[in-house]
Structures are given as C-alpha cells and as structure tokens.
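Residues per chain are reported as follows:
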Amino acid sequence: MSLYIEIKMLPLSFKEYVKYTGDENDLQRKYTAYLENSFFPYALKLVGHPKEVRDYLDGIYNTIIVKDIAQRHKITDTMMLESVTRFIFDNIGNQLSTKKIADTMTLDGRKIDVRAVEKYLANTR
C-alpha cells in the first residue's frame, strides 16, 4: 500500500490568477493563458515551460483517477475508467447521458455497457 500526504489545494480563481501575475492589462489574453496553463498554484511557477505544465497536470490526474479512485473502489480496468473520464472531459458543456457515453465509446471500439458507465461515474464522486 502506498502512503502519501494529502494537501488540500483549490485552484486559483481568475481574479487570484490576475493578482498573482501582477498585470491587469489585456484580460482576454490573460484569460486564455489561465485556461491553457492551468489554474493550480504551482503551475504558475512553470509558465513558459509547456512540457513541465503538462507533466504536472498529468501527475495530478493520475494521482486522482488512477491511484485514488481506482484503488479506493477496487476498479481493475483502469484503462476503461480513464476512457470514460477523458470522454467526459472532452465533452464538458455538452449534454451527456450514460447511454450516449456507452454508445459513443462502443462505436469508437471501447465496448462498455450503460451499467458499467454508471458504476464508473458513481465511483468518481
């Protein structure tokens, strides 16, 4: 069993991000940078280093999805859990149903039924 220390951290609001950068000019450009570079505090130290930002965000994602959720709920098919999660991330803002998720993923070659999607979604709360 792996042991880790939990550090509670909330992402920065856009207002906090602007304040941290010390520049309130060109807010549209700044908002784009906020979305692209992440809004987690440590990512601000990595601005200008996109690979490091990506590695940092991948680390957060893998810790939460693979290590935390999969282990806690004893999910053995972590690839399917990741597929469902990425599908949801890719469709933020779109109306989704468990049937639509299952049908689309099955058409894309990842066979999954509605009940399995419901199980994965229930475990990510």
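Treat the numbers as computed from the prediction; the structure is a model and nothing was measured.

Student: Help me understand the confidence of the model for the protein chain in this model?
Tutor: In low-pLDDT segments, the atomic positions of the prediction should not be examined closely. Looking at the protein chain as a whole, the pLDDT averages 84, with 92% of positions reaching at least 70. Averaged over each element, pLDDT in the protein chain is lowest for helix 3 (residues 50–72) (84) and highest for helix 5 (residues 98–107) (92).

Student: Explain helix 3 to me, please; I cannot follow it from the model alone.
Tutor: For an α-helix, the turn length of 3.6 residues means that residues three or four places apart are oriented alike. Under the 1.5 Å per step criterion, the end-to-end length of helix 3 is 31 Å for 23 residues, consistent within 8% with the ideal 33 Å. Along helix 3, the sharpest change in direction is near 30° and occurs at Asn 62. Listed as buried for helix 3 are Val 53, Tyr 56, Tyr 61, Ile 65, Ile 69 and Ala 70. Lys 74 sits one or two positions beyond helix 3 and adopts a positive phi of about 55°.

Student: Help me out: how do you make sense of helix 5 in this one?
Tutor: When helix 5 is considered as a whole, its buried residues turn out to be Ile 101, Ala 102 and Met 105. Viewed along the axis of helix 5, the buried residues span an arc of 95°, placing them on a single side of the element. In the segment just after helix 5, Gly 109 is the residue with positive phi, at about 95°.

Student: So what exactly am I meant to see when it comes to the pattern of salt bridges here?
Tutor: A pair can form between side chains of opposite charge whenever their charged atoms are brought close. Applying the stated criterion across every chain yields a total of six salt bridges. Among the ionic pairs, Asp 58 bridges to Arg 54, the shortest N-O distance being 3.7 Å. One end of the pair, Asp 58, and the other, Arg 54, are both in helix 3, four residues apart, so they sit about a helical turn from each other. Here Lys 99 and Asp 103 are joined by a salt bridge, their closest N and O atoms 2.8 Å apart. One end of the pair is Lys 99 and the other is Asp 103, both in helix 5 and four residues apart, which spans about a single turn. By sharing partners, the salt bridges in this structure join Asp 23, Asp 26 and Arg 29 into a single network.

Student: I keep staring at the packing of aromatic side chains and nothing clicks. Help me out?
Tutor: Across all of its chains, the model carries eight aromatic pairs by this definition. What links up through ring pairs into an aromatic cluster is the set Phe 14, Tyr 17, Tyr 31, Tyr 34, Phe 39 and Phe 40. Positioned above the aromatic ring of Tyr 61, the side-chain terminus of Arg 86 is 4.5 Å from the ring centre.

Student: What am I meant to see in unusual backbone geometry here?
Tutor: In most cases, non-glycine residues show a negative phi, while peptide bonds are predominantly trans. You will see that Asp 26, though not glycine, has its phi angle at about 50°, which is positive. The topology assignment puts Asp 26 in the loop between helix 1 (14–21) and helix 2 (27–37). By relative accessible area, which is 44% here, Asp 26 ends up partly exposed. Of note, the phi angle at Lys 74 is positive, near 55°, even though the residue is not glycine. For Lys 74, the position within the fold is in the loop between helix 3 and helix 4 (78–90).

Quick notes on the rules
- Residues numbered from 1 in each chain as written.
- Predicted model: local features only at pLDDT ≥ 70, side-chain atom pairs only at ≥ 80, totals over all residues.
- Heavy atoms only, no water.
- pLDDT = per-residue confidence, 0-100.
- Helix = DSSP H or I, 4+ residues; strand = E, 2+ residues; numbered from the N terminus.
- Expected span 1.5 Å × (residues − 1).
- Bend = angle between axes of the 7 residues up to and from the residue.
- Buried < 20%, exposed > 50% of the residue type's maximum accessible area, 1.4 Å probe, protein only.
- Arc of directions from axis to C-beta.
- Salt bridge = Lys/Arg side-chain N within 4 Å of Asp/Glu carboxyl O.
- Phe/Tyr/Trp six-rings, centres within 6.5 Å; stacked < 30°, edge-to-face > 60°.
- Lys NZ or Arg CZ within 6 Å of the ring centre and 35° of its normal.

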